[in-house]
2 protein chains.
Amino acid sequence: MESFSFYNPTKIEFGKNKEKNIGKYIGQNGIKKVLLVYGSQRIKEDGLFDSVTHSLKENNIEFVEFGGVISNPILSTVHNAIKVAKEQNVQGILSIGGGSVLDSSKAIAVGTLYDGDVWDFFGRKKDIEKALPIFDIITLAATGSEMNGYAVITNEKNKRKDSIWSPCIYPKVSVINPELQKSVSKDYLVYSATDIIAHCIEGYFTAKKHPTYMSRVVESIIKTVIETTEILIKNPDDYEARGDFAWAATNALNGTTTVGISNYSFPNHLIEHSLSALYNVPHGAGLSVVIPAWAKWYYKENEAQFTRFAKEVFGKNSAIEGIEALENWFNKIGTPTRLNQFNLDKKNISEIIENLSFQEEISKDDLEKILNFAI
Amino acid sequence: MESFSFYNPTKIEFGKNKEKNIGKYIGQNGIKKVLLVYGSQRIKEDGLFDSVTHSLKENNIEFVEFGGVISNPILSTVHNAIKVAKEQNVQGILSIGGGSVLDSSKAIAVGTLYDGDVWDFFGRKKDIEKALPIFDIITLAATGSEMNGYAVITNEKNKRKDSIWSPCIYPKVSVINPELQKSVSKDYLVYSATDIIAHCIEGYFTAKKHPTYMSRVVESIIKTVIETTEILIKNPDDYEARGDFAWAATNALNGTTTVGISNYSFPNHLIEHSLSALYNVPHGAGLSVVIPAWAKWYYKENEAQFTRFAKEVFGKNSAIEGIEALENWFNKIGTPTRLNQFNLDKKNISEIIENLSFQEEISKDDLEKILNFAI
C-alpha cells in the first residue's frame, strides 16, 4: 500500500428530481449569478432546462446561457465562454450535460479567473491556483467528471487532446439523477461502459503493486458495469440498473480506485486521445479499440494481475483468455474493437503515432505494435 | 438505488511517517492551540507522543495534554476534558489513539462550544450545530471513526451507550499510518476485524433493497478483512496486509457502504452496546457474540441477501451455511461467539434486554430469541 492523500470535496446529490433543487444547492454556496453551460438544444426540448431555470429563479440566482458545447469539447468553445463569463461577471459555472459540458465548464471556471490563455494549464504545464465554483447536473454517466478534478479538452489548432487536474475544479455539488440519463442512445451507453472500465483498469494493470482491497473495488465496478449495461441495452428504463451504472461510473474516477497505488499511468487514454483528436471518434468507442490492443501488448509486464482479472471478472484461467473475454464483451455490446470500424487502417497508424510525438511514455515502436493489434 | 446525499470532508493522510506532519496539517487549517487527547501512557513510551509534539512545536502549535481515555469511553472523562478545553481556550482537538480516544475527542469538540451537557446531543435528541475542528492519528483500525461523523460514548450513570452524528464532527485531517497500528494485541486485532465486518453488514442485511455495486463493495471489505486478519495473526509486521486492513476499516463506515440504501439499521451494534455498557466487554468481542445470534434469528427476512453473502464471501450454498461459516471464522481467529466466554449466561439475558428498554426497534421477545442463540 503506497502512501497517499485522499480528499474529495464534492457533494453528491443522487436521485429522482434532485435537479429541481439545483438553485438551492447553488444558493447555499453563496453564489448569485452563474454561467449556464450546456450542449445541444435537447435540454430545452425535454424539460430539463425549464426545471433548472425555474429552480434558479426560485432561489434568486441569475444566469447567463452558453450553449453549443460538443462531444470531445474544443478549446475555441471554452475561450468564447470565458469571454462571456468575464463580461457578465458570473460567480459560478453551472453545467447541464455530460462529461464534455462539465469538462468545458471546469476549463471555463479556471480561465475566467486567469488573464492568459487557459490552455497554459493543460498538460500540467502550470498549477491551477483558483477557479470559480462549479455545479453540475450530469446527464451521462461515463467520465466520472462529476466527482473529480480532471477536465479534458481538445485544442483544435494543434489536434492535441489534453487534461488539467486541480483540487479547485472538483464540483461543489453534483446532481446525479439516473432518470435524466436514460435518454442516452444505445451507442453512447456502450461507449460509456467502455470509458468507465477504462478508468479503473488503467491503474489496476499499470501500477507495480495493487493492494487487494483496491483490486476488489475495481473488479466490483467492472462486474457491475458489465451486468447493468446488458440490462440497460434491453431495458433502458430500468432505474435500479441505471443507478448502479451511474454510481459505478462516478467511483471509477473519483480517487476511490487509485488510493495506495503509485507509478501508474493512463496509456489507453493517452493513445485514444490521439485517435479522437484526429478523427473525432467517440471517446469510449476509441477506448474499446485501444484497450484489447494495448492489453495484448502489455500483459506480460503484469501477468499476475491480468490473470487475476480474467478469473475474478470472467471466470477464465489465463491472462490472454481474460483479454479476449473483454474484447468479446465489447463486440457483444456493439462497441468497436478494430480501427476499420472507424474506416481507418494500417496507413493511419503513422499519423496516430505522430500525434503522440510529444510524449515519452510509450515509444514509437511500441505504439506501432499496439496499434497493429487493432488492425 | 434510493436517493442519497454523499459528502465526506475528511482529508486522509495515509502512510509511513505521516504523523510527523501533523503540526503542518493542523497549521494549514489555521489552528494555533489544541487539546491533545490520548489514552494510556503507551504513546509516551513508544515515541509517538514525542513525534507528535515535536511536529506541533515545529509548526508553532500550542498544546494542552489530556490523557486517560479508556476503551469504551465514558462521559465523565469527556466532561472533564471539556472543562479543560474551555479553560484553556483551545481552537481544535487532536486525538492520538484508537476509536475510543477519537470518539471522546469528537464529543469534546462539540461540548466545548456548548453551554449545557454534551449528553444532550446523544441519541440524536438534538442537532449539533458546531464543533471545534478535529484532527487525529488513528492507532487502531476498527471503528472507522477517522473518516466519519459518528461518536459513541457510554454514560456510566445510566449505563447507556449512545451515539451522535453530525457533519461538524468529521475530522478535518486523519492520519492513518499502518506502522503505528501494528502494536495492537492479537485480541484487539480480531475484535477490530469483527467491528469492521459488523459495520458493513448492518446495512447489507437490513436494507430492503441493496444495489449490486454496494453489495460488491461490502463483500470486498469483508473478504479483505478475512484475508488480512489471518495474515496479521501470523505476521503482525506485514505492512501490506496492515494497510489493506486499515483502509478496509475506514471504508466500512465512511458512507461508502451505505449510499443508495434506506430503511436500514444497526441491530447488532444496538444489542452489543447494552452488553458493553453493562459488562465492559470489548466492543468487537461483543459483536462476534451478537452477530451470529442475530443472523440466525433474522435471516429469513432477507434470505436472498444472506444466500448471496454465503456464496460470495465463503463459497457456500445457503444462508445458514454462510452464517455458520462466519461464526466458524470468528472461532478460528479467537473472538468470542458465546455469552459464557464472558462468564455470562441465561440469567444475564433479562438484564441485557432491560438495558435496551429505551428502544422500540426490536421487541423484548425477539431480543430473548436472539440472545438465546448466544447461549
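Residues numbered from 1 in each chain as written. Chains lettered and ligands numbered in written order. Predicted model: local features only at pLDDT ≥ 70, side-chain atom pairs only at ≥ 80, totals over all residues. Heavy atoms only, no water.

Details of the UniProt feature "domain: Fe-containing alcohol dehydrogenase-like C-terminal" (unreviewed entry) in chain A
Then step 1. Annotation from UniProt places "domain: Fe-containing alcohol dehydrogenase-like C-terminal" (unreviewed entry) at residues 190-355 of chain A.
Then step 2. What you have in residues 190-355 of chain A is 70% helix and 0% strand, and the ends, taken at the C-alpha atoms, are 26 Å apart. (UniProt positions renumbered as here; feature names shortened; annotations may be inferred. Helix = DSSP H or I, 4+ residues; strand = E, 2+ residues; numbered from the N terminus.)

Thoughts on empty space enclosed by the protein
Over the atoms, a rolled probe matching the size of one water molecule traces out where space is still vacant.
Then step 1. Across all of its chains, the model carries five cavities of 30 Å³ or more by this definition.
Then step 2. As a volume, the largest cavity reaches approximately 270 Å³.
Then step 3. Lining of the largest cavity is provided by 22 residues; of these, Asn251(A), Thr256(A), Phe6(B), Asn251(B) and Thr256(B) occupy positions nearest its centre.
Then step 4. Elements with a minimum of two residues in the lining of the largest cavity: β1 (4-14), α7 (212-234) and α8 (239-252) of chain A together with β1 (4-14), α7 (212-234) and α8 (239-252) of chain B. (1 Å grid on protein atoms, 1.4 Å probe; cavity = no way out; pocket = protein on both sides within 12 Å on 5 of 7 lines; lining within 4 Å. Points joined across faces, edges and corners; volume = space filled by probe spheres on them.)

Looking at the relation of the copies chain B and chain A
Then step 1. In screw terms, the move from chain B to chain A is a rotation of 180° and a rise of 0.0 Å along the axis, fitting with an RMSD of 0.0 Å. In symmetry terms, the pair is related by a two-fold rotation axis.
Then step 2. Both copies present the same face, since 100% of the interface residues in chain B are matched by interface residues at the equivalent positions in chain A. (Least-squares fit on C-alpha atoms with pLDDT ≥ 70 in both. Contact = heavy atoms within 4.5 Å.)

Examining the sheet that holds strand β3 (residues 62-66) of chain B
Then step 1. Judged by pairing direction, the sheet is mixed, and its twelve strands sit side by side in the order β3(A)-β2(A)-β4(A)-β5(A)-β8(A)-β1(A)-β1(B)-β8(B)-β5(B)-β4(B)-β2(B)-β3(B) without closing on themselves. With one partner strand each, in any of the chains shown, β3 (62-66) of chain A together with β3 of chain B form the two edges of the open sheet. Mean inter-strand twist for the sheet, computed between neighbouring axes without regard to direction, equals 25°.
Then step 2. Pairing of strand β4 (residues 92-97) of chain B with strand β5 (residues 134-138) of chain B, which is carried by five bridges, proceeds in the parallel orientation. By the bridge assignment for β5(B), Ser95(B) is matched with Asp136(B).
Then step 3. Against the sheet, α8(A) makes contact with β1 and β8 (173-176) of chain A together with β1 of chain B, and its axis sits at roughly 150° relative to β1(A), the strand it touches most.
Then step 4. The strands touched by helix α3 (residues 48-58) of chain B are β2 (33-38), β3, β4 and β5 of chain B; relative to β2(B), the strand with the most contacts, the crossing angle is about 175°. (Pairing = 2+ DSSP bridges. Axes fitted to C-alpha atoms, helices over the stretch in contact; angles between N-to-C directions.)

Some details on the packing of aromatic side chains
Residues and elements named next belong to chain A.
Then step 1. One pass over the structure, following the stated rule, counts 46 aromatic pairs over all chains.
Then step 2. Geometrically, the ring pair formed by Tyr298 and Phe306 is tilted, given 6.4 Å between the ring centres and 50° between the ring planes. The pair Tyr298 / Phe306 is uniform in exposure class, with both members buried.
Then step 3. Within the aromatic cluster, the residues linked to one another by ring pairs are Tyr204, Phe205, Trp294, Trp297, Tyr298, Tyr299, Phe306, Phe309 and Phe314.
Then step 4. Seen from the ring of Tyr239, Lys16 lies directly overhead, with NZ or CZ sitting 4.5 Å from the centre.
Then step 5. A cation over an aromatic ring shows up here: Arg160 above the ring of Phe358, its NZ or CZ 3.5 Å from the ring centre. (Phe/Tyr/Trp six-rings, centres within 6.5 Å; stacked < 30°, edge-to-face > 60°. Buried < 20%, exposed > 50% of the residue type's maximum accessible area, 1.4 Å probe, protein only. Lys NZ or Arg CZ within 6 Å of the ring centre and 35° of its normal.)

A word on the interface of chain B and chain A
Then step 1. Contacts between chain B and chain A engage 37 residues on the former and 37 residues on the latter.
Then step 2. In this assembly, chain B packs against chain A so that about 3,300 Å² is buried in total across both faces, 53% of it on carbon and sulfur atoms.
Then step 3. By the criterion of area lost to chain A, the three top residues of chain B are Met1(B), Tyr213(B) and Arg216(B), representing 23% of everything that side buries.
Then step 4. If you look at where chain B meets chain A, you find four salt bridges.
Then step 5. A salt bridge links Arg216(B) to Glu227(A); the nearest nitrogen and oxygen atoms lie 2.8 Å apart.
Then step 6. At the surface where chain B touches chain A, the tally comes to 22 residue pairs in polar contact (both at pLDDT 80 or more).
Then step 7. Elements that contribute at least two residues to the side of chain B that touches chain A include exactly β1, α7 and α8 of chain B.
Then step 8. For the side of chain B that touches chain A, the leading source of residues is β1(B), giving eleven residues.
Then step 9. Residues belonging to the side of chain B that touches chain A are distributed by class as follows: 16 nonpolar, ten polar and eleven charged.
Then step 10. As paired elements, β1(A) and β1(B) share seven bridges and run antiparallel to each other. Paired with Phe14(A) across the two strands is Phe4(B), which belongs to β1(B). (Buried area = accessible area lost by both parts, 1.4 Å probe. Salt bridge = Lys/Arg side-chain N within 4 Å of Asp/Glu carboxyl O. Polar contact = N/O pair within 3.5 Å; in protein donor to acceptor, adjacent residues only side chain to side chain. Nonpolar A, V, L, I, M, F, W, Y, C, P; charged D, E, K, R; others polar.)

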